[in-house]
Amino acid sequence: MRIQVEGKHPLNGQYRPSGSTNAAVHLLVASLLTESPVVLHNFPHTTSAQSIVQQAEGLGAQIEREGNNTLKIHTPQIIKRSVTSEGTNSLLFLAPVLVRRQYARMELDFPLNRIRTHLEALRDLGLDIITAEGAIECKAAQWGYRDIVLSQTSVTATALVMMLSACFGQETVIYNAACEPQLQALANMLEMMGAQVQGIGSNLLRIFGKQTLNGVETSIMPDHIEIASIATTAALSGGRVQINDVQQSDLRIIDKIYARLGLELDLDENVLFVPKQEALAVSNREEDVDASIETAPWPGFPSDLIATATVVATQARGTSLIHEKLYNNRLLFVDKLNAMGAQILLCDPHRAIVVGATPLRAIYMDSPDIRAGLGMLSAALIAEGSSTIDNAQVLGHFFENILQKLQALGAHITVESG
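For the structure given in this document, a descriptive report is provided here. This structure is a prediction, so every number in the text was calculated from the model and none was measured. (Residues numbered from 1 in each chain as written. Predicted model: local features only at pLDDT ≥ 70, side-chain atom pairs only at ≥ 80, totals over all residues. Heavy atoms only, no water.)

**Points about unusual backbone geometry**
In the segment running from Trp 298 into Pro 299, the intervening peptide bond is cis, with an omega of 15 degrees. Mapping Pro 299 onto the fold places it in the loop between strand E18 (291-294) and helix H9 (306-314). In the segment running from Gly 356 into Ala 357, the intervening peptide bond is cis, with an omega of 5 degrees. Tracing the sequence through the fold places Ala 357 in the loop between strand E21 (351-356) and strand E22 (364-365). Phi is positive for Lys 8, close to 70 degrees, though the residue is something other than glycine. Here Lys 8 lies in the loop between strand E1 (2-6) and strand E2 (12-15). Positive phi, close to 70 degrees, is recorded for Gln 102, a residue that is not glycine. Here Gln 102 shows up in the loop between helix H3 (94-101) and strand E7 (103-107). Residue Gln 102 is classed as partly exposed on the basis of its relative accessible area of 43%. (Helix = DSSP H or I, 4+ residues; strand = E, 2+ residues; numbered from the N terminus. Buried < 20%, exposed > 50% of the residue type's maximum accessible area, 1.4 Å probe, protein only.)

**Notes on the environment of Glu 226**
Structurally, the position occupied by Glu 226 is in helix H7 (residues 224-237). Here the alpha-carbon distance between Glu 226 and Asn 68, two residues 158 residues apart in the chain, equals 19 Å. Every residue in contact with Glu 226, bar those within four places of it in the chain, is listed here: Tyr 15, Pro 17, Ser 18, Leu 374, Phe 399, Ile 402 and Lys 405. (Contact = heavy atoms within 4.5 Å.)

**What about the side chain of Ser 229?**
Its place among the elements puts Ser 229 in helix H7. There is a polar contact of 2.8 Å between the side chain of Ser 229 and the backbone oxygen of Ile 225. The contact partners of Ser 229, leaving out residues within four places of it in the chain, are Leu 305, Thr 308 and Leu 374. (Polar contact = N/O pair within 3.5 Å; in protein donor to acceptor, adjacent residues only side chain to side chain.)

**Considerations on the sheet that holds strand E3 (residues 38-41)**
Here we have 4 strands laid out as an open sheet, ordered E4-E5-E3-E14, and mixed in their pairing. Each edge of the open sheet carries a strand with a single partner, namely strand E4 (62-66) and strand E14 (216-219). On average, each strand axis in the sheet is tilted by 15 degrees relative to the strand beside it, whichever way the strands run. When E3 meets E14, the two strands line up parallel, connected through 4 bridges. Residue pairing in the sheet places His 41 in a bridge with Ser 219 of E14. Along the sheet, helix H1 (residues 21-31) makes contact with E3, E4, strand E5 (70-74) and E14, crossing E3 at roughly 170 degrees. (Pairing = 2+ DSSP bridges. Axes fitted to C-alpha atoms, helices over the stretch in contact; angles between N-to-C directions.)

**Considerations on the sheet that holds E1**
Pairing between the strands of a sheet comes from backbone hydrogen bonds, and it takes one of two forms, parallel or antiparallel. Taken together, 4 strands build an open sheet; the order of strands is E22-E23-E1-E24 and the sheet is mixed. Looking at strand neighbours, the two that pair on one side only are E22 and strand E24 (412-417), the edges of this open sheet. As paired elements, E22 and strand E23 (residues 386-389) share 2 bridges and run parallel to each other. Considered in E23, the bridge of Met 365 is made with Ile 389. The strands that helix H11 (residues 373-382) touches are E1, E22, E23 and E24; relative to E1, the one it contacts most, it runs at about 45 degrees.

**Topic: the state of the cysteines**
Counted under the stated rule, the structure contains 0 disulfides. Free cysteine Cys 167: the closest other cysteine sulfur is in Cys 138, separated by 15 Å. (Disulfide = S-S within 2.5 Å.)

**Section: helix H8 (residues 248-260)**
Helix length check: H8 (13 residues) gives 19 Å between terminal C-alpha atoms against 18 Å at 1.5 Å per residue, within 8%. The largest bend in H8 comes to about 25 degrees, at Ile 254. Within the span of H8, buried status applies to Asp 250, Leu 251, Ile 254, Ile 257 and Tyr 258. On its buried face, H8 sits against helix H6 (181-192), H7, strand E16 (266-267), E18 and H9. In the segment just after H8, Gly 262 is the residue with positive phi, at about 95 degrees. (Expected span 1.5 Å × (residues − 1). Bend = angle between axes of the 7 residues up to and from the residue.)

**Concerning the pattern of salt bridges**
Throughout the structure, instances matching the rule amount to 9 salt bridges. As a salt-bridge pair, Glu 416 and Arg 2 come within 3.0 Å of each other at their nearest N and O atoms. Within this pair, whereas Glu 416 is found in strand E24, its partner Arg 2 is found in strand E1, the two being separated by 414 residues in sequence. For Glu 416, a relative accessible area of 41% puts it in the partly exposed group. On the accessibility criterion, Arg 2 (30% relative accessible area) is partly exposed. (Salt bridge = Lys/Arg side-chain N within 4 Å of Asp/Glu carboxyl O.)

**What about the packing of H7 against H11?**
In contact at an axis separation of 9 Å, H7 and H11 are set at 15 degrees when each is read in the N-to-C sense. Considering the angle they form, H7 stands roughly parallel to H11. When you trace H7 past H11, the crossing you get is right-handed. Contact residues: H7 offers Glu 226, Ser 229, Thr 233, Leu 236 and Ser 237, while H11 offers Leu 374, Ser 378, Leu 381 and Ile 382. (Parallel < 35°, antiparallel > 145°, perpendicular 65-115°, else oblique. Left-handed = near helix turned anticlockwise from the far one by under 90°.)

**Section: the packing of aromatic side chains**
Given two aromatic rings, their pairing is described by the distance between the two centres and the angle made by the two planes. Taken as a whole and judged by the stated rule, the model has 2 aromatic pairs. Each ring, one from Trp 143 and one from Phe 168, has its centre 6.2 Å from the other, and the planes form 70 degrees; the classification is edge-to-face. In this pair, Trp 143 sits in strand E10 (residues 143-149) while Phe 168 sits in helix H5 (residues 155-168), placing the two residues 25 residues apart along the sequence. Each member of the pair, Trp 143 as well as Phe 168, carries the same accessibility label: buried. Across the ring face of Tyr 327, the terminal group of Arg 330 is positioned such that the distance to the ring centre comes to 3.9 Å. (Phe/Tyr/Trp six-rings, centres within 6.5 Å; stacked < 30°, edge-to-face > 60°. Lys NZ or Arg CZ within 6 Å of the ring centre and 35° of its normal.)

Below, the structure is given as structure tokens:
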């Protein structure tokens with residue numbers, strides 16, 4: 001899909017975020033742990049969420065849509081013991097297959113070292129794991145008490161261990177657990193299904209399992225990445241936007257870091273108001289730079305917002321250090337911002353220095369990275385002229401109807417081809 005984005009039009013109005021795709025993925029997989037019906041409200045229409053729905057149906061889940069964003073899931077039986085590999089999220093399905101069928105096999109389409117943490121965790125729980133010829137085979141096991149330490153704060157590994165512990169273990173203690181919002185949502189759902197989870201939102205979890213979980217009816221949390229991205233885009237556009245149905249707890253660290261770049265946001269318990277901004281200037285002066293933005297595991301600043309924060313830094317007077325501590329090559333999008341007129345020095349794959357404020361001009365972008373997509377769209381919306389973004393369908397992988405919702409705020413976006 002190719003779109004034309006005309007910049008310099010203020011965004012104004014009210015905005016409602018969609019359900020979090022990451023949370024939807026975890027809660028949908030967890031719904032297969034039980035043969036009782038599960039109802040998920042606020043389920044997003046995104047490419048990634050739909051892919052998980054199809055995988056669940058392939059395993060035997062009967063899924064009905066009720067209204068626009070409600071799914072009713074009923075899985076009387078798991079009909080397969082093999083899990084289709086479509087990225088690391090597919091690993092999550094090992095939990096319901098093991099719980100319901102006692103054995104699972106998964107052929108991998110990625111290097112085994114990408115899931116070393118996951119396999120170590122499964123072995124530490126006492127499961128029999130065999131790796132051979134590009135596949136893994138798992139046999140179920142039950143335990144009275146297990147105390148494990150994850151070698152990395154992996155979201156997928158934490159979710160996998162949580163689901164297995166809720167069904168197989170009488171008591172399980174997990175150290176160095178990830179605690180992202182989607183994992184908190186998963187923990188809350190497991191509690192509603194009958195397990196007990198202590199330490200929700202922390203890196204130390206204690207789970208008391210229940211062999212047979214109940215059905216549940218719950219709602220998918222709003223997407224905090226979408227909320228934060230829309231807030232910055234509205235602020236940089238010179239408009240005023242009220243974002244409804246937010247969760248304050250998911251936005252506190254983001255609000256704090258944005259303040260370093262001069263953004264003023266009004267965050268209440270359920271509403272985020274973006275007022276008209278004065279000229280931005282970075283604050284929190286340090287020895288070599290005026291502001292430092294660093295990613296970190298939750299509750300630190302999320303890596304998925306590093307592109308958006310960099311765009312903000314280009315519009316704030318001063319010098320900012322952008323430090324992506326978690327992943328390699330997530331700063332490669334800065335070459336596109338430089339082509340638009342930004343002054344960014346890429347020091348290495350993890351660090352970039354941004355000198356602002358600089359006006360941006362429209363360019364042609366061949367393909368926005370999935371992680372950087374909303375950041376580049378934000379840059380196009382504040383640039384002088386009309387930008388062309390090719391392969392813009394990647395924006396729909398994690399964000400539902402994002403272009404239409406921006407158009408409703410006044411964004412000038414034209415879809416040229418499907």
